[in-house]
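Structure assessment
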Amino acid sequence: MSSLALYRRYRPESFAEVIGQEHVTDPLQQALRNNRVNHAYLFSGPRGCGKTTSARILARCLNCEQGPTPTPCGECQSCRDLARNGPGSIDVIEIDAASHGGVDDARDLREKAFFGPASSRYKIYIIDEAHMVTSAGFNALLKVVEEPPEHLKFIFATTEPEKVIGTIRSRTHHYPFRLVPPGTLREYLGEVCGRENSHVEDGVLPLVVRAGAGSVRDSMSVMDQLLAGAGDDGVTYAMATSLLGYTDLSLLDSVVDAFAAGDGAAAFEVVDRVIEGGNDPRRFVADLLERLRDLVILAAVPDAAEKGLIDAPADVVERMQAQASVFGAAELSRAADLVNQGLTEMRGATSPRLQVELICARVLLPAAFDDERSLQTRLDRLERGASFTAAGAGPAMGYVPGPQAHAPVAVVAPGDGVAAARAAVRGDAPEAVPPAAPAQPAQPAQYAAPAAPAAPAPAAPAPQPTPETSAGGQRPGAWPAAAAPESGRRPGGWPTASAPGQAPAPVTPAAPAPAAPAPAPGAPQPSPGMTQGAAQVRNMWPDILEAVKNRRRFTWILLSQNAQVTGFDGATLQIGFLNAGARDNFASSGSEDVLKQALAEQFNMQWKIEAIVDPSGAAGQPPQTGGGRPSAPPAPQRPAAPAPQQYESRPAPAQHQQPGAATAAASAPQPHAAPEPPRPVAPEDDTPEADDPDLVDSALSGHDLIVRELGATVVEEFTNE
């Protein structure tokens, strides 16, 4: 085995053997065929991409006995002298400008240049590292480069063409060389390893290509180092990663899986393994950024490996595709940005381990940031968890720190994933919906309306509610209370169906409420589909009211005091008002447009708004959770007898009764109770803010304001004297 370096043993001897530079070699070969060779050339490009090698090949083509020709014969004396291991030709002079770039060297070259070649067709000067020539040296060469003798050719090779003075560049043909593509370089390295009869594992060549960074000479040097230290089993992946300092793929897989699952313990364990294993923390972060880049590409282009966008073995690509399918687009983009920012901050850091742990903490804690991308990341995690639950894959795996960071994750029914995600981002727990039977959905007893009115019977006094059973006694916007122990399942657990023939226990209201009256003949009844969709919008109603409040306080007061969600079918939002005056006021005051704008800007929703009169207060529908206005009191019914109407006092607490009796009592008509007065607006909500658009000095006043806001009509004006 020769001790010659690998890149010297396999140095190309013709333009056909040069890889990745077809944009240079093809025009040069055509110029040789046409016999239109210039007197001076400038080859520029990164190191190790073939500039000096191409200059030698060009000199060999020019001085071949059968030339000028694009394919040297390899048999004449000139070709043998300029071969890969040849002694060199006296007529082809290579000068290292790094050590011979002064004005005296240029004068010496100019004096010798006018002598003819000894045995070849041309006398060729190859000036390597031409950017190291001083300005005086270039000026001394200017005249001979501009008007050289017939037998003289110049080839300048440099990595910094901008340092070559313009008067020299303008007298040469400039050919810029480029870095070799990874795919082309990997195939070439595989051929070289085959010629060397050395076994190399599949994952090694991408590491060598990455270490070479597109330079053929650098990649060949790295490959030579690995082959020199290979054992009987060849170059293994473990050997390459340890020798080149790259992070093992198992560590990258572990930390990416930890990011996907929100598992902080696993992520910090990987960091500990990196540090304790002696790996470079900065190299680990750079490799992690490279992995996240591949995941972003795979998420956007599933067939990126076939298109050459990702350079990795097939098994690694398959593993990365599985990882990319778990993340959301915003989550991946945010993680890559944070890792890139952390990599920049690690320059000169005194504690690299701390920097790596901070990077992992930032990626794992989107709730610690209030920017839009962090919010999108939290939504990605929550929607992913909701979709997993709907598909029956187990509970959601969202790790979203907040007020309820360590509370059990509530199970979301299929179809409610988006609503549950938005509710969880606000800090509200989503409503747990019991599973519906295929034939007829089961409804809780307290929500079901009786099939037919029962005969009037004296109603038994309702038992006094307890904190555990008063589910409807929460104030609007309060945190959801935990389920009672006797509810049949733990909080956040899977919904359990009741036993056959046994109705679920009714939830006792916070105060004895009168029976819901029959709806008015003219009141529209929402369809079952709109009633089911209303539950999703009710979770968002507090946020919708807050967005409306920031735009116009009049609309917010009108909606919070007089309206509630009665139906939603996916495109039309149905809002019920207590009376026709409130509905007409909502329609004529421009409040409908304010609500639409708030939905469009804050929630990216284009819904139609349908305002109806619902004097019954949407009786028979589930109560709102998470804010909004309190339920409207039902309208009192007139007694059958013409006797004066009497209001009974609040009944005293009674003994607990059986579930069947409670159901019968709920279905029987109740005595009329005095309607509850509307709850006053909190002082902090009634105080106008400094940026309230209704307080602008340029706003309307007087009867113009009444006409615009309340839809009034001026009948007659009186002048007070």
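Please read all numbers here as calculations on a predicted model, not as lab measurements. (Residues numbered from 1 in each chain as written. Predicted model: local features only at pLDDT ≥ 70, side-chain atom pairs only at ≥ 80, totals over all residues. Heavy atoms only, no water.)

1. Here's the deal with the nonpolar core
In plain terms, the rule: Take the buried Ala, Val, Leu, Ile, Met, Phe, Trp, Tyr and Cys residues and link them wherever side-chain atoms come within 4.5 Å; each set so joined is a nonpolar core. Buried residues are those whose accessible area, probed at 1.4 Å on protein chains only, stays under 20% of the maximum for their type, while exposed residues exceed 50% and partly exposed ones sit between those limits. Elements are defined by DSSP. Helices are runs of H or I of four residues or more, strands are runs of E of two residues or more, and each kind is numbered from the N terminus. The criterion used for residue contact is that any of the two residues' heavy atoms lie within 4.5 Å.
Counting 37 residues, the largest nonpolar core has Phe259, Phe284, Val285, Leu288, Leu292, Leu295 and Val339 as the members making the most contacts within it. Taken together, the elements giving at least two residues each to this core come down to α12 (249–261), α13 (264–276), α14 (281–300), α15 (314–324), α16 (329–345) and α17 (352–364). If we skip the residues at most four places from it in the chain, Val339 touches Val285, Leu288, Leu289, Leu292, Ile359 and Val363.

2. Notes on the pattern of salt bridges
Short version of the rule: Definition used for salt bridges: Asp or Glu carboxyl oxygen within 4 Å of a side-chain nitrogen of Lys or Arg.
Evaluation of the coordinates by the stated rule reveals 19 salt bridges. One salt bridge connects Arg353 with Asp272, and the closest N-O pair in it is separated by 3.0 Å. With a gap of 81 residues between them, Arg353 in helix α17 and Asp272 in helix α13 connect regions that are remote in the sequence. Each of Asp253, Arg291 and Arg319 takes part in one network of salt bridges that share partners.

3. A look at the sheet that holds strand β7 (residues 572–577)
The line we're drawing: Note: two strands are recorded as paired if DSSP finds a minimum of 2 bridges between them. The axes used here are C-alpha line fits, helices contributing only the stretch in contact, and every angle between their N-to-C directions lies in the interval 0 to 180 degrees.
Strand order in the open sheet made by the three strands is β6-β7-β8, with mixed pairing throughout. Looking at the sheet topology across the chains shown, the edges are occupied by β6 (563–568) and β8 (608–613). Adjacent strand axes in the sheet meet at a mean angle of 30°, parallel and antiparallel pairs treated alike. Helix α21 (residues 553–562) rests against β6 and β7 of the sheet, and its axis sits at about 75° to β6. Helix α23 (residues 591–603) contacts β7 and β8 of the sheet and is inclined by roughly 135° relative to β8.

4. Some words on the side chain of Ser560
To keep things clear, this is the line we draw: Pairing of N or O atoms within 3.5 Å defines a polar contact, subject to two protein rules: one partner must be a possible hydrogen donor and the other a possible acceptor, and residues neighboring in sequence count only if both atoms are side-chain atoms.
Mapped onto the fold, Ser560 is located in helix α21. Reaching out from Ser560, the side chain makes a polar contact with the backbone oxygen of Trp556 at a distance of 2.8 Å. There is a polar contact of 3.3 Å between the side chain of Ser560 and the backbone oxygen of Ile557.

5. With respect to helix α22 (residues 580–588)
Since the α-helix packs 3.6 residues into each turn, any two residues three or four apart lie on the same face. Formally: Summarising the geometry, the arc corresponds to the directions from the helix axis toward the C-beta atoms.
Of all the residues in α22, the buried ones are Ala582, Asn585 and Phe586. Viewed along the axis of α22, the buried residues span an arc of 100°, placing them on a single side of the element. Downstream of α22 by one or two residues, Gly590 has phi in the positive range, about 80°.

6. Topic: the packing of aromatic side chains
The following threshold applies: Pairs were defined over the aromatic rings of Phe, Tyr and Trp, the Trp ring being its six-membered one, requiring ring centres within 6.5 Å. Orientation was assigned from the angle between planes: stacked under 30 degrees, edge-to-face over 60, tilted for the rest. In this analysis the charged atom, NZ for Lys or CZ for Arg, is taken to sit over a ring once it is within 6 Å of the ring centre and within 35 degrees of the ring normal.
Under the counting rule described, the total for this entry stands at eight aromatic pairs. Each ring, one from Tyr41 and one from Phe43, has its centre 6.3 Å from the other, and the planes form 45°; the classification is tilted. Judged by relative accessible area, which is 4%, Tyr41 ranks as buried. The class of Phe43 is buried, set by a relative accessible area of 0%. Note on Tyr125 and Phe154: the rings are 5.8 Å apart at their centroids and 20° apart in plane angle, and the pair reads as stacked. With Tyr125 in strand β3 (residues 123–128) and Phe154 in strand β4 (residues 152–158), this pair connects stretches of sequence that are 29 residues apart. A residue is classified by how much of its surface remains accessible, and Phe154, at 0% relative accessible area, is buried. One Lys or Arg, Lys549, reaches over the ring of Trp556 and ends 4.8 Å from the middle of that ring.

7. Details of the sheet that holds β4
The strand order across the open sheet formed by five strands is β2-β3-β4-β1-β5, and the pairing between neighbours is parallel. Edge positions in the sheet fall to β2 (92–96) and β5 (173–176), since each has one partner strand and no second. Across the sheet, the mean angle from the axis of one strand to that of its neighbour is 15°, orientation sign disregarded. Pairing analysis gives four bridges linking strand β1 (residues 40–44) to β5, with the strands arranged parallel. The partner of Leu42 across the bridge, within β5, is His174. Seen against the sheet, helix α2 (residues 22–34) touches β1 and β5 and runs at an angle of roughly 145° to β5.

8. Some thoughts on unusual backbone geometry
Within the chain, Asn197 stands out as a residue other than glycine whose phi angle is a positive 55°. For Asn197, the location among the structural elements is in the loop between α8 (182–195) and α9 (204–212).

9. Regarding the pairing of β4
Buried residues dominate β4, accounting for seven of its seven residues. Alternating positions in β4 separate into two faces, Leu152, Phe154, Phe156 and Thr158 on one and Lys153, Ile155 and Ala157 on the other, with burial throughout. One ladder, built from six bridges, connects β3 with β4; its direction is parallel. Within β4, the residue paired with Ile126 across the bridge is Ile155.

10. Details of the confidence of the model for the chain
Formally: Summary of the metric used: pLDDT quantifies the predictor's per-residue confidence within the range 0 to 100.
Per-residue pLDDT for the chain has a mean of 73; in total, 64% of the residues score no lower than 70. Of the regions scoring below 50 in pLDDT, residues 386–523 engages in 166 contacts with residues more than four places distant in sequence or in other chains.

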